[in-house]
Amino acid sequence: MDCINKNEYTCTVEIYDSTLRDGAQSEGISFSVSDKKKIISLLDDFGVKYIEAGNPFSNPKDLRLFEEMKNVKLKNARLCAFGSTAKSENPEKDAGIASLLAAETDAVAIVAKCREKQVIEILGISPSDNLIFIEKSVAYLKSRGKEVILDAEHFFDGYLENPDYSLEALRASLRGGADTLTLCDTNGGTLPHDIERIVAEVKKILPEAKLSIHCHDDCGCAVANSIAAVRVGASQVQGTFIGYGERCGNADLSSVMPSLMLKCSINCEVELKKLRFTAKQIAEISNIRLRHNHPYIGKCAFAHKGGMHIDAVQKCPSSFEHVPPETVGNGRKYLVSEVSGRSTILAELQRFIPGLTKTAPEVEHITSTLKEREFDGYQYESANASFELLVKKELGLWKAPFRVIMYKSNDDFPAPDGEQQASAMIKIEVEGKTELSCADGNGPVNALDGALRKALLAFYPQVDSMRLNDYKVRVVDLGKNTDSKVRVLIDSSDQNTSFSTIGVSYDIIEASFIALVDSYEYFLSKDSTEN
């Protein structure tokens, strides 16, 4: 394995995660208190420095979360409550400020408008009053023993319009005693060259200030903008772990952190090898599917399909991998398909026949079989379990755990309200013994799954731990209308792993059943190997 040229870390940058506040504003995400506590534990274990857990003034859920977290000791992170500056020059009388104090976190983040136009048009107050409210809010929170992080909202837009006022807002917060000044690209429209120039200018004007960067991704530059800011003096990066956030999302910390650590020699003080695991867990809790092509952490981030690419990676990994996959807790993956060369097939076959060479007849046979099957509509790059079964069967290494003697299914229409409308019957044989089972279901495939599972449980109790997670149908011959071949993909899992199977036929029930049988065969063969 190649190693990237990584020098000693030249400096350290703090990671401030806002998944539970900014990320919760993303469409389709609604965290429960329990969800938030699980994510806090994951982020703390990963090593982030700050966790912005929510706004205790905005909703009862966040208020309850902070109440329940009061007696929880975190290993690495500081919990942070989010709010805004007071609406008068008497912060001690402001309900929002009071809620920040009631949260009893060591750190608080308060947002302050730093764009003169918005102070006038949105807050409806004078620019001078806004500066007073900022200074007094920060000073009051500091007097109560809080670490104060000032979020300078719309800072970059304000700086481009009227830099003097935006800078005065920062100075007001410093007079109040702010610990960190966060420069926010709130509408996500600033480009990297402007981010770098403006942050450098602020750093020069306020050299003693600790600067943070907070970017949104509305023009697709949030990660690049965050890195640009660090290059010229920002010592903290705010973002969300997988880029969740309102509109187009926030800076994706799962891309920012490895880029800083592996490419810029900047330490983020996190367990980078846990990156993919942590991201997958947060995605699962969020009920959001992690993109396959997500940089660093996606299942295809280090997947290779072209034969020449695979051959090159086997000889020199850095030719098509910008970092070693294990540094971020990921792994290399070879996609087996009709464009695969012999090197790809050989790498797979060597799992079953060690010492096999590229010129062996088995390689030619499997390569030819694969191309024929893909011509018929199969696509094994997304069906790892079915490909392994195909290889074992073609090489004579397969012993079937069961044999399907017959199966049939039917639908009844119209179905009575609230009742299942499909039924199925299956007869299988295991070592000379047969089992006949029937089941109802919400459709023919669901009924077939139920009948097959019931029959197999008579011989293999471990089948009860296997679950079918996803079912996808694709039309292969788009031009043939209803007389088209269909491809069915089924994703399954047990307690430890997940796997995918495929079936192709002109009959959607048959295609589904082929994939279904493969999933149970693979599970049982894997289970017998592990035992």
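Here's a quick rundown of the structure. Remember, it's a predicted structure, so these values are computed and weren't measured experimentally. (Residues numbered from 1 in each chain as written. Predicted model: local features only at pLDDT ≥ 70, side-chain atom pairs only at ≥ 80, totals over all residues. Heavy atoms only, no water.)

**Overview of the overall build of the protein**
- In terms of helices and strands, the protein carries 17 helices and 18 strands.
- For the protein, the C-alpha atoms occupy an extent of roughly 85 × 60 × 45 Å along the three principal directions.
- Classification of the 531 residues of the protein by burial places 52% in the buried group.
- Positive and negative side-chain charges of the protein, numbering 62 and 76 respectively, have mean locations separated by a distance of 3 Å. (Helix = DSSP H or I, 4+ residues; strand = E, 2+ residues; numbered from the N terminus. Buried < 20%, exposed > 50% of the residue type's maximum accessible area, 1.4 Å probe, protein only. Lys, Arg positive; Asp, Glu negative; His and termini not counted. Charge placed at Lys NZ, Arg CZ, Asp CG, Glu CD.)

**Some points on the sheet that holds strand β15 (residues 433-441)**
- Across the sheet, which stays open at both edges, the three strands sit in the order β13-β14-β15 with antiparallel pairing between neighbours. Each of the sheet's edge strands pairs with one partner strand only, and the pair in question is β13 (403-411) and β15. If you compare each strand with its neighbour and ignore which way they point, the axes differ by 10° on average.
- Where strand β14 (residues 422-430) and β15 come together, nine bridges link them in antiparallel fashion. If you follow M425 over to β15, its bridge partner there is C438. (Pairing = 2+ DSSP bridges. Axes fitted to C-alpha atoms, helices over the stretch in contact; angles between N-to-C directions.)

**Regarding the nonpolar core**
- F155 and V202 are the most contacted members of the largest nonpolar core, which totals 91 residues.
- Every residue in contact with V202, bar those within four places of it in the chain, is listed here: F155, Y159, L167, L170, L183 and L211. (Core = buried A, V, L, I, M, F, W, Y, C linked by side-chain atoms within 4.5 Å. Contact = heavy atoms within 4.5 Å.)

**Comments concerning the pattern of salt bridges**
- Taken as a whole, this structure holds 29 salt bridges when the rule is applied.
- Put simply, E14 and K49 hold a salt bridge, and the shortest N to O gap is 3.3 Å. Within this pair, whereas E14 is found in strand β2 (residues 14-17), its partner K49 is found in the loop between α1 (33-46) and β3 (50-54), the two being separated by 35 residues in sequence.
- Taking relative accessible area as the criterion, K49 reaches 29% and is therefore assigned partly exposed.
- Among the salt bridges present, the one from E321 reaches R332, with a minimum N-O distance of 2.7 Å. (Salt bridge = Lys/Arg side-chain N within 4 Å of Asp/Glu carboxyl O.)

**A look at the packing of α1 against helix α2 (residues 60-69)**
- Running from amino to carboxyl end, α1 crosses α2 at an angle of 50°, the nearest separation of the two axes being 10 Å. Comparing the axis directions of α1 and α2 gives the class oblique. Note that α1 runs across α2; the crossing there is right-handed. Across from V33, K36, K37 and I40 in α1, the residues of α2 making contact are K61, D62, R64, L65, E68 and M69. (Parallel < 35°, antiparallel > 145°, perpendicular 65-115°, else oblique. Left-handed = near helix turned anticlockwise from the far one by under 90°.)

**Some words on the packing of aromatic side chains**
- Counting across every chain of the model gives eight aromatic pairs.
- Look at F46 and F241: their rings are 5.2 Å apart centre to centre, the planes differ by 80°, and that puts the pair in the edge-to-face class. Placement of F46 in helix α1 and of F241 in the loop between β9 (236-239) and α10 (253-263) is noted, with a sequence separation of 195 residues between them. Summarising the burial analysis for this pair, F46 and F241 share the class buried. (Phe/Tyr/Trp six-rings, centres within 6.5 Å; stacked < 30°, edge-to-face > 60°.)

**Some details on a nonpolar patch on the surface**
- A contiguous nonpolar surface patch, about 220 Å² in accessible area, is contributed by Y471, V473 and I508.
- With respect to the secondary-structure elements, I508 resides in helix α17 (residues 508-530).
- By relative accessible area, which is 39% here, I508 ends up partly exposed. (Patch = residues over 30% accessible without salt bridge, like charges linked within 9 Å, V, L, I, M, F, W, Y side chains within 5 Å. Areas by Shrake-Rupley, 256 points an atom, 1.4 Å probe, with all protein chains shown as cover.)

**Points about the pairing of strand β4 (residues 78-84)**
- Most of β4 is tucked away: five of the seven residues are buried.
- Pairing analysis gives four bridges linking β3 to β4, with the strands arranged parallel. Each residue of the ladder has a partner; that of E52, found in β4, is C80.
- A crossover connection joins β3 to the parallel β4 through α2; in handedness this β-α-β unit is right-handed.
- Relative to strand β5 (residues 107-113), β4 runs parallel, the two being bridged by five bridges. (Right-handed = clockwise from strand over helix to strand, strands pointing away.)

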